[in-house]
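Structural features, examined
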Amino acid sequence: MATRIIPADWIKNWEKSGKHEFVQLCKNLAYKTNHDSTIKDIQAALYELCWHVIQGNFKLDLSASVLCDMMDLRDDMPSILADVFSILDIETSSLEEKNKRDHYTQLVGACLFFVPDAILKERLDPETLESLGLIKQAHQFNQKIVKIKTKLFYKQQKFNLLREENEGYAKLITELGQDLSGNITSHIVLESIKSLIGCFNLDPNRVLDIILEVYECRSDQDEFFLPLIKSYMCEPLTLCHILGFKFKFNQEPNEETPTSLYHIAAALLHHNLIELEDIYVHLMPLDASIVEEHKREITEAKQIARKLTMVVVPSEKTEDKEREKEEEKNDKAPDNQKLGLLEALLRIGDWHHAQSIMDQMPSFYATSHKAIALALCQLLHLTVEPLYRRAGVPKGAKGCLLRPLKNKRAPRPAESFEDLRRDVFSMLCYLGPHLSHDPILFAKIVRLGKGFMKEYQSEGRNDNVKDKMDTLLSCFLSIADQVLLPSLSLMECNACMSEELWGLFKLFPYQHRYRLYGQWKNETYTSHPLLVKVKAQTVDRAKYIMKRLTKENVKPSGRQIGKLSHSNPTILFDYILSQIQWYDNLIGPVVDSLKYLTSLNYDVMAYCIIEALANPEKEKMKHDDTTISSWLQSLASLCGAVFRKYPIELAGLLQYVTNTLKAGKSFDLLILKEVVQKMAGIEITDEMTSEQMEAMTGGEQLKAEGGYFGQIRNTKKSSQRLKDALLDHDLALPLCLLMAQQRNGVVFLEGGEKHLKLVGKLYDQCHDTLVQFGGFLASNLSTEDYIKRVPSIDILCNQFHTPHDAAFFLSRPMYGHQILSKYDELKKAEKSNRQQQKVHKYVAACELVMSPVHEAVVSLHPPRVWDDLRPQFYATFWSLTMYDLAVPHTAYDREVKKLQLQVQVIEENPDVPMNKKKKEKERCTALQEKLQEEEKKQLEHVQRVLHRLKLEKDNWLLAKSTKNETITKFLQLCLFPRCIFSAIDAVYCARFVELVHQQKTPNFCTLLCYDRVFSDIIYTVASCTENESRRYGRFLCCMLETVTRWHSDRAVYEKECGNYPGFLTIFRATGFDGGNKADQLDYENFRHVVHKWHYKLTKASVHCLETGEYTHIRNILIVLTKILPCYPKVLNLGQALECRVHKICLEEKEKRPDLYALAMGYSGQLKGRKAHMVPENEFHHKEQPVRSATPVSQQNGPGTTAKPATNSSKTEEGVSEDADRAKDKSQGAAKPANKANSTAAKVTTSNGNGAPNSTKTIKERDDKEKSGKEKKEKKEKTPGSTLETKGESRREKQRDERGAGGKEERAPREGKEKTPKADRDKQKAEEKSNKEDNKAKTGNGEPKEPSRERDTGAKESKSKEKGGDRSAISGSLKSPVPRLESAESERDHKRRKLETHSSPSHSSSVKDNSNEPKDSASKHHINYNSVARSKSRERETDKKESENTRGRSKEKKTDDKDRKDRKRDHMTTDREMSLESKHRKDENGTNSSNKHSKSASPSSGSPVSADKEKTKRSKSSSKEKGESAKPERNSSGGKKESRHDKEKSDKKEKRDSSGGKDEKKHHKSSDKHR
């Protein structure tokens, strides 16, 4: 023993305390509750005591007495002591010390009187017994034992068999077969059987066999036979052998095991009379053969599936079917005894043993046999019946009551949902897809699931209950996955079950449902041979239907699709979607054919679409990486059509799009775009007609009727479903924000290695979808919903990093809602019908709503922005829409007339039934009334808005810096971002500029704004995407429409612009009232400015077309197409464009077909517009009054008048010169007598000061002056090399005669605006500069702000000059604007006109030449008060008259000399005169642009290299070039500095010889023309 129980002290002090302690220990051990441990502890205590005696440590008598006392503690103490003696017997017999053996023998002998002999004889060795005297001889005792065992185990008793004792067995059968209805019990019959066995010496095993045979025949008498067998049977194994023999007998080839035998075997198993392991080995077939059979079935099923998917000749197909039928007849299923026993067990309710048998077989093998499946279903019916009656029966349903099993050992019926976990769920899992055999049980399980979900979704559960409910929910989901959906697949198109199942599934979140559908589609069909076959058959049938589906047979095909989809929707839809991805023309028929689907099938369809979209194996781009794949476009179209037409839940699809956006992928926005377009009827396209665009500026009804290409009717329900899906899952705002952020993500994150064309398309798609989606939210969400979800503008921009244009787009409807609701509140608070009071309330409502917005927008931009633009103006611009600015009366009238016409057509149509006529007429009449009411409502709204703007306008623009900067900020922060946001916004921007002008907004320069928009569009166009360029083109078109309207009629111009501050030509920063008419731009000068804008557009267009860049060419062609109604209007500009576009057509035909198509389209339209183009002199007048005698040297010569802008962004200085020139002309109109002189002088000086003195040009002149005659000879040989020399040579004599005085005086005169002109011949350059300084000092207290403004402009222009002059000068020298000759009868008159009149873009060129030195800028813009201005006018008039007289006398001398030259060269220049005469008639002043477009069209002004242009020009002859190419004056002619006067006059003398030829040719052509 490992541990000592009796301490040594007890033995030593036995008499005193040891005995008492030992007895007490034994008593404590004897009373322990644990039986086994008690015996072991007592045995240990007794063993130690006895071992002390054997060792001699303890007296024998003391131990015997205490052991005797122990016998009373327990009944089995003698047996326990005998066990101890038995162990000691073995131990002592092996010891060498004989005395210890003797001590042992003495101890046992002393205990013989209280330990029975029989117990000792069982336990002790025979030799020990012999030594104790209990037996005589050990040897004899052993022999006797052997004899008894042999008799017991090996000797058989002979019994009589049936044929030997048939009377006894007959009586036995009679006894067992008697009527058992009386008081006969199994005990009475058992006594009779015993008597018969004894009387007739019957074989007990044969008797048992007969009992089983009779039981088999009377299997309904379980209550009698089972107790009988239990009482009769000796051991279970014997019974198993007998049953096994019976099963073995029925395993013969033609035998069939009777069901009664299965029943009695099941009953015996159920009552534990036999063990399953014992009987299972007697059953056939073996488990290994069952597994093989299952595998064979799966293989065959796969082969059948493969055959169905293969293309087979019809004859072979029929042969295969016949062969299969024969095989089915021949192959009769062998008798499976294990399945028979399993069925019997299930019938009696023994689920425990049945489960054990099914565990031995492959999954669902047992239940694939219908009988077993039905038996298990019946057991399930009984188990769930109580719970179903309580929680599953729908209202009004009766149902049939089921009798419960009498078997008390059957599974307990479920009373609560928690009880289902005990047996029901496991039974269902074993049943699997074969629940399809019992649709009623299927419905019961589904209804129980619905009942559970109602409880689950109820509130007020504690944590413990919640955990249990969550566990139950997961169990129901598992049952749906493993049992319900597979069973539905095996049901024969049971639509009711599909709808019943949807009743449960719709209570699950879509995430759970889609998980179930995914398992069903991708895994379930591989789990069982039957399902493999069903999948193949479904695909085969789907192919059959889809091959025959057309628009004409939609109804019958739809019914077939519906029938097929009830059971296997995932397989069917997967195939349909694969076909649609290949053939998009199937979309329409498929959508129409889906009307016979169940609700569950629609939900499955949504899942299948999402799975197809998310397929990672499919590329969403075509192989060229420039366009989105056609399969994705087809699926997107299908989404829109299906989700609109059928009530399918949208949450999953919307969440999918949201997730892809969050992942930085924007391809799938195409889906959202289609869904919103189809479901809400909101169409996004930039190809709107003007009528549609007009309708889009009205109310919602007008938009729906006339704003879209496709009239999408009945969108109310579908748009409501879309709205609910977005709100229920909180996806509205996240989608908007993700789209707004993704626009830039497309370019900077997503578009890394993608083709530029694809990036542009993705950007457009993202932007268009944002606009469309925002429009949907604005029109469908209620005011409360919208305001609750959209945060304030500063949070949107600063926290969510939403671009400003998108943020205002989302916030705009909110402002409108809030203003209207506040306005209604104010009206209700104080009822008044007066219109004026209503307007004031509206203004008050606007202030209340917009004040927080004004504060919020301040954080969006740096503080310096608000020095010019007020936050109020900024917020007003971004918060208004076209609906607020104008009422489209024409669009309303047009739609009303359409409806009236519809009514008329309906009435005249005799085929339409009367009731339908009535309905249609009512619909059209109701729509008319709605439109008229809407028009009236909008009219009132627009009046209120305009009144509000009228009150606000004075505080819009602060103009703390220059007006130029104000316009820059307005364009940068307001106009440009919004004009490319949407087509309607493009129109809005143009109309808003016009509105600000009409409101006479202080500090807003309309002229400057339009000039900045039209002047250089290259960079703007180049940075647009395809759709943005369409919107930008629409914006330019609307701006040009306004300009064209003003240009076309003097009366309109005077009315709308004449006295407006936007057309002031003096750009003071602030404080100017604009009341002086002379400060306004007059009509004629405005026409000059418009011509300049047209030229600028031409130049930019030609540049973009010549770059060769795809984006430049595509965008400019789109823009040009959009502005075609208003541009080009001038013939020579149109011809230049036509030439360049034709070149694009030739170059891109093979390389880039899309550009070729665009160019061809534009070219055709341009030719159609050619009839509406006018010559330049009709577009703006070139002639000036006869009295104009301003010297030629003061004008912009033909060479410099049309110089294009050399800088991409204009400084205010250039624009101010343009406007100053216009102002000077209009001031001259105040004195009629001197009108011609003053106007010409002021215009020319203004233009002169505006021309830049280019560093490059000065260097060229110095080189030419030094080179001498060699340089001149080279120039004559190469006429196109330096047009600058030719431009100078035309006026050599005139410049020599007039001297340098007039040139020096231009700069101070421009600066003072009205300073008297000094005599040029008498004044020196030094005196002129001193005089300027004095005048600058003596200015009458004019504010310093304008001077600072001009200084800023000069600095800007000087900084720009460094980078832009070199390339721009070379382009500007090639300007194609025609020369300025006119055919008059008198040469003097002609000469004066040449001197005084500016070139075709004479007035416009001022702004181009904006690069001025810093030192002269301050002189040019010194402003004087009215007193100084009036005095300067008088002095100026006097000096002009004296100068004109002197100029005329000099001109006469020049004319005489010219006449002689012309006569001498008359014969040699006959051909040139005829050509010149022809062009004088056209009044284009250029060489024939269609013959020499490279040298004469505006394209020559594009910024290409000078060498290229020189090479082109050298191809034409010197004489022809002298006539056709426009001579250009030296670029320094507009601004003469005193230090260059002497040098320039010397140069003019040297150029007399070369200039003579041009002058002669010019006069000859003039004579010829006359």
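Thresholds, definitions, all that
- Residues numbered from 1 in each chain as written.
- Predicted model: local features only at pLDDT ≥ 70, side-chain atom pairs only at ≥ 80, totals over all residues.
- Heavy atoms only, no water.
- Buried < 20%, exposed > 50% of the residue type's maximum accessible area, 1.4 Å probe, protein only.
- Helix = DSSP H or I, 4+ residues; strand = E, 2+ residues; numbered from the N terminus.
- Contact = heavy atoms within 4.5 Å.
- Axes fitted to C-alpha atoms, helices over the stretch in contact; angles between N-to-C directions.
- Parallel < 35°, antiparallel > 145°, perpendicular 65-115°, else oblique.
- Left-handed = near helix turned anticlockwise from the far one by under 90°.
- Nonpolar A, V, L, I, M, F, W, Y, C, P; charged D, E, K, R; others polar.
- Core = buried A, V, L, I, M, F, W, Y, C linked by side-chain atoms within 4.5 Å.
- Polar contact = N/O pair within 3.5 Å; in protein donor to acceptor, adjacent residues only side chain to side chain.
- Salt bridge = Lys/Arg side-chain N within 4 Å of Asp/Glu carboxyl O.

Looking at helix H25 (residues 495-505)
Burial within H25 is extensive, with eight of its 11 residues counted as buried. Every buried residue of H25 is listed here: Met497, Ser498, Glu500, Leu501, Trp502, Gly503, Leu504 and Phe505. If you follow the buried residues of H25, they end up packed against helix H23 (439-457), helix H24 (463-490), helix H26 (510-522) and helix H31 (599-613).

Description of helix H13 (residues 222-232)
Looking only at H13, the buried set comprises Phe224, Phe225, Leu226, Leu228, Ile229 and Tyr232. Looking at the packing, one finds that the buried side of H13 touches helix H10 (166-177), helix H11 (186-200), helix H12 (204-217), helix H14 (236-249) and helix H15 (259-270).

Considerations on the packing of H23 against H24
Running from N to C, H23 and H24 point in directions that differ by 155 degrees, and their axes come no closer than 11 Å. With respect to each other, H23 and H24 are oriented roughly antiparallel. The crossing of H23 and H24 is left-handed. Of the residues in H24, those touching H23 at Phe442, Ile445, Val446, Leu448, Gly449, Phe452, Met453, Glu455 and Tyr456 are Met469, Asp470, Leu472, Leu473, Phe476, Ile479, Leu484, Ser487 and Leu488. The residue inventory of the contact of H23 with H24, partitioned by class, reads 14 nonpolar, two polar and two charged.

Looking at unusual backbone geometry
Cis peptide bonds are those with omega within 30 degrees of zero, and the linkage from Met284 to Pro285 qualifies with 0 degrees. Inspection of the secondary structure assignment puts Pro285 in the loop between helix H16 (276-280) and helix H17 (287-309). The phi dihedral of His801 is positive, around 55 degrees, even though this residue is not glycine. Within the secondary structure layout, His801 lies in the loop between helix H41 (793-799) and helix H42 (804-829). Classification of His801 as exposed rests on a relative accessible area of 60%.

Description of the nonpolar core
Judged by nonpolar contacts, the single largest core of 317 residues is most densely connected at Phe505, Phe970 and Phe1035. The contact partners of Phe970, leaving out residues within four places of it in the chain, are Leu869, Phe873, Phe877, Leu975, Phe992, Val993, Phe1004 and Cys1009. Membership of the second largest hydrophobic core comes to 44 residues, among which are Ile6, Leu25, Leu49 and Leu129.

A few points about the environment of Leu172
Relative to the elements of secondary structure, Leu172 occurs in helix H10. For the pair Leu172 and Ile197, spaced 25 residues apart in sequence, the C-alpha separation works out to 8.8 Å. Residues in contact with Leu172, not counting those within four places in the same chain, are Ile193, Leu196, Val207 and Ile210.

As for the environment of Ala301
Relative to the helices and strands, Ala301 resides in helix H17. Along the primary structure Ala301 and Leu531 are separated by 230 residues, whereas in three dimensions their C-alpha atoms are 8.7 Å apart. The residues contacting Ala301, other than those within four sequence positions of it, are Pro529, Val532 and Lys533.

Regarding the side chain of Ser489
Among the structural elements, Ser489 can be located in helix H24. At 2.9 Å, the side chain of Ser489 and the side chain of Tyr525 are in polar contact. Once you skip the residues sitting within four places of it in the chain, Ser489 turns out to touch Trp520, Tyr525, Leu531, Val534, Ser567 and Asn568.

Quick notes on the pattern of salt bridges
The full count for this structure, using the stated rule, is 49 salt bridges. A salt bridge links Arg101 to Asp89; its shortest N-O distance comes to 2.9 Å. In this pair, Arg101 sits in helix H6 (residues 98-110) while Asp89 sits in helix H5 (residues 77-93), placing the two residues 12 residues apart along the sequence. As far as the burial class goes, Arg101 and Asp89 line up, both buried. Across the salt bridge formed by Glu649 and Arg513, the nearest N and O atoms sit 2.6 Å from each other. Residue Glu649 is located in the loop between helix H32 (630-645) and helix H33 (651-662), and its partner Arg513 is located in helix H26; the two are separated by 136 residues in the primary sequence. Residue class for Glu649 comes out partly exposed when judged on its relative accessible area of 29%. Connected through salt bridges with shared partners, the residues Arg991, Glu994, Glu1041, Arg1045 and Glu1056 form a single ionic network.

Without other data, these values stay purely geometric and don't point to any function.
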